[in-house]
Amino acid sequence: MQSPDPTGSEASDLAAVVALRELADRLEDAAVERAMRAGWSWTQVAEGLGVTRQAVHKKHHRRLEGAGLDLRRRNA
Amino acid sequence: MPELLHDDLGATLKSVVLGAIDEAACRGATKVEAEHLLLAISASDDVAAATLAEVGLDHAGVEAALRVERENALAAAGIEPVADERLIAARDARPGWGTSIREALSRGNFRVRRARPRAERERLAVADALVGVLRADLGTVPRALAYAGVDRGALVARLEALR
């Protein structure tokens, strides 16, 4: 099969998945940061995202700590 | 992360690959992809950047092409672009390697020049990597270039003809 048109309808459907994943990742980064800056706990953020506290901590702790957020006493 | 940054790349290409990490990080990307390598190449002062600029793909041109690609991709799912101010977040300075940059670097033109003098290989290493980026037929980069009206085949031919 010759290579399909990269902007054809099938390719665009697949590209939409890529773009949505990227958008979801960036929205998550921004939303988690906004909640943590507003004083939310890891548990609350995890509940809001429907994931475990461990998962959200593992994914965002280093980034937010690097941004200078005071993450002590957020263990609830 | 470091395994793509081996010394065989030569100093110039290595610094461009490091630039690709910065391009990914400052865009909040979780992975360094081929489009970030394209951005870093376009921002370099390499002959490859000059070749890109000749078809309108200076750094701003590549950014614009990628933006159009993302808008079109989201539109295919009925999604409007989200305002940048809603996406402001602290960046992870250590994004991982994506599949497309691995593929690009493995598809580069390096092997063709294996028998050539080291100086020539080093001088054209970034151009050879760019050939690898441009050889992808599907995905973000070929879509962006198609929307920008750039003839990828002609661009590859010009890069391969560099001596």
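Residues numbered from 1 in each chain as written. Chains lettered and ligands numbered in written order. Predicted model: local features only at pLDDT ≥ 70, side-chain atom pairs only at ≥ 80, totals over all residues. Heavy atoms only, no water.

Draft legend 1. Up close: the overall build of chain A. Looking only at helices and strands, chain A has three helices and zero strands in total. In summary, chain A has a C-alpha radius of gyration of 17 Å against a globular reference of 11 Å for 76 residues, an excess of more than 25%. Along the first, second and third principal axes, the C-alpha set of chain A runs to 60 × 25 × 20 Å. Considering chain A as a whole, with its 76 residues, one finds that 37% of them fall into the buried category. In chain A, the proportion of contacts linking residues at least 24 apart, taken out of those at least 6 apart, comes to 50%. (Helix = DSSP H or I, 4+ residues; strand = E, 2+ residues; numbered from the N terminus. Rg over C-alpha atoms; globule rule 2.2 N^0.38 Å. Buried < 20%, exposed > 50% of the residue type's maximum accessible area, 1.4 Å probe, protein only. Contact = heavy atoms within 4.5 Å.)

Draft legend 2. Region of interest: the interface of chain B and chain A. Each partner contributes residues to the interface: chain B has 26 residues there, and chain A has 25 residues. Taken together, both faces of the contact between chain B and chain A bury some 2200 Å²; the carbon and sulfur share is 60%. For the chain B face of the interface with chain A, the top three residues by lost area are Leu-87, Ala-90 and Arg-143 of chain B, together amounting to 23%. If you look at where chain B meets chain A, you find one salt bridge. Taking the shortest distance from any N to any O, the salt bridge between Glu-22 of chain A and Arg-70 of chain B comes out at 3.2 Å. Our count for the chain B to chain A interface comes out at seven residue pairs in polar contact (both at pLDDT 80 or more). Going through the elements one at a time, α4 (59-76) and α8 (140-147) of chain B are the ones with two or more residues in the side of chain B that touches chain A. Looking at the side of chain B that touches chain A residue by residue, the classes come out as 14 nonpolar, three polar and nine charged. (Buried area = accessible area lost by both parts, 1.4 Å probe. Salt bridge = Lys/Arg side-chain N within 4 Å of Asp/Glu carboxyl O. Polar contact = N/O pair within 3.5 Å; in protein donor to acceptor, adjacent residues only side chain to side chain. Nonpolar A, V, L, I, M, F, W, Y, C, P; charged D, E, K, R; others polar.)

Draft legend 3. Local environment of α8 of chain B. The buried fraction of α8 of chain B is high, at six of eight residues. When we look at burial in α8 of chain B, the residues that qualify are Thr-140, Val-141, Pro-142, Arg-143, Ala-144 and Leu-145 of chain B. Its buried side turned inward, α8 of chain B meets α1 (9-37) of chain A together with α2 (34-43), α4, α7 (125-134) and α9 (152-160) of chain B. The first or second residue beyond α8 of chain B is Gly-149 of chain B, which carries a positive phi of 75 degrees.

Draft legend 4. Inspection of the layout of surface pockets at higher detail. Estimates place the volume of the largest pocket at around 820 Å³. Considering the residues around the largest pocket, the lining is formed by 35 residues, among which Val-18 of chain A together with Glu-33, Glu-35, Ser-100 and Thr-140 of chain B are closest to the centre. The set of elements that each furnish at least two residues to the lining of the largest pocket consists of α1 of chain A together with α2, α5 (99-106), α7 and α8 of chain B. Per-element tally for the lining of the largest pocket: the top contributor is α1 of chain A, with nine residues. When the residues that make up the lining of the largest pocket are grouped by side-chain class, the tally is 14 nonpolar, nine polar and twelve charged. Estimated volume of the second largest pocket: approximately 710 Å³. Along the wall of the second largest pocket there are 23 residues; nearest its centre are Glu-22 and Arg-26 of chain A together with Arg-67, Arg-70 and Asp-84 of chain B. (1 Å grid on protein atoms, 1.4 Å probe; cavity = no way out; pocket = protein on both sides within 12 Å on 5 of 7 lines; lining within 4 Å. Points joined across faces, edges and corners; volume = space filled by probe spheres on them.)

Draft legend 5. Structural context of the pattern of salt bridges. Enumeration according to the criterion identifies 16 salt bridges over all chains in this entry. Here Glu-63 of chain B and Arg-27 of chain B are joined by a salt bridge, their closest N and O atoms 2.6 Å apart. Placement of the pair is Glu-63 of chain B in helix α4 and Arg-27 of chain B in the loop between α1 (11-26) and β1 (31-32), with a sequence separation of 36 residues. Between Arg-152 of chain B and Asp-137 of chain B there is a salt bridge, with its nearest N and O atoms 3.4 Å apart. Here Arg-152 of chain B, found in helix α9, pairs with Asp-137 of chain B, found in the loop between α7 and α8; they are 15 residues apart in sequence, far enough to count as distant. Overall, the relative accessible area of 18% leaves Arg-152 of chain B in the buried class. Among the residues examined, Asp-137 of chain B registers a relative accessible area of 37% and is labelled partly exposed. What emerges from the salt-bridge pattern is a single network uniting Glu-22 of chain A together with Glu-35, Glu-69, Arg-70 and Arg-143 of chain B.

Draft legend 6. Just the confidence of the model for chain A, in detail. On average, residues of chain A carry a pLDDT of 92, and 96% of them reach 70 or more. For chain A, the element scoring lowest by mean pLDDT is helix α3 (residues 53-66) of chain A, at 93; helix α2 (residues 42-49) of chain A scores highest, at 97. (pLDDT = per-residue confidence, 0-100.)

Draft legend 7. Focus on the environment of Arg-114 of chain B. All names here are of chain B. Assignment of secondary structure puts Arg-114 in the loop between α5 and α6 (118-123). What makes Arg-114 exposed here is its relative accessible area of 60%. Separated by 18 residues in the primary sequence, Arg-114 and Gly-96 place their C-alpha atoms 29 Å from one another.

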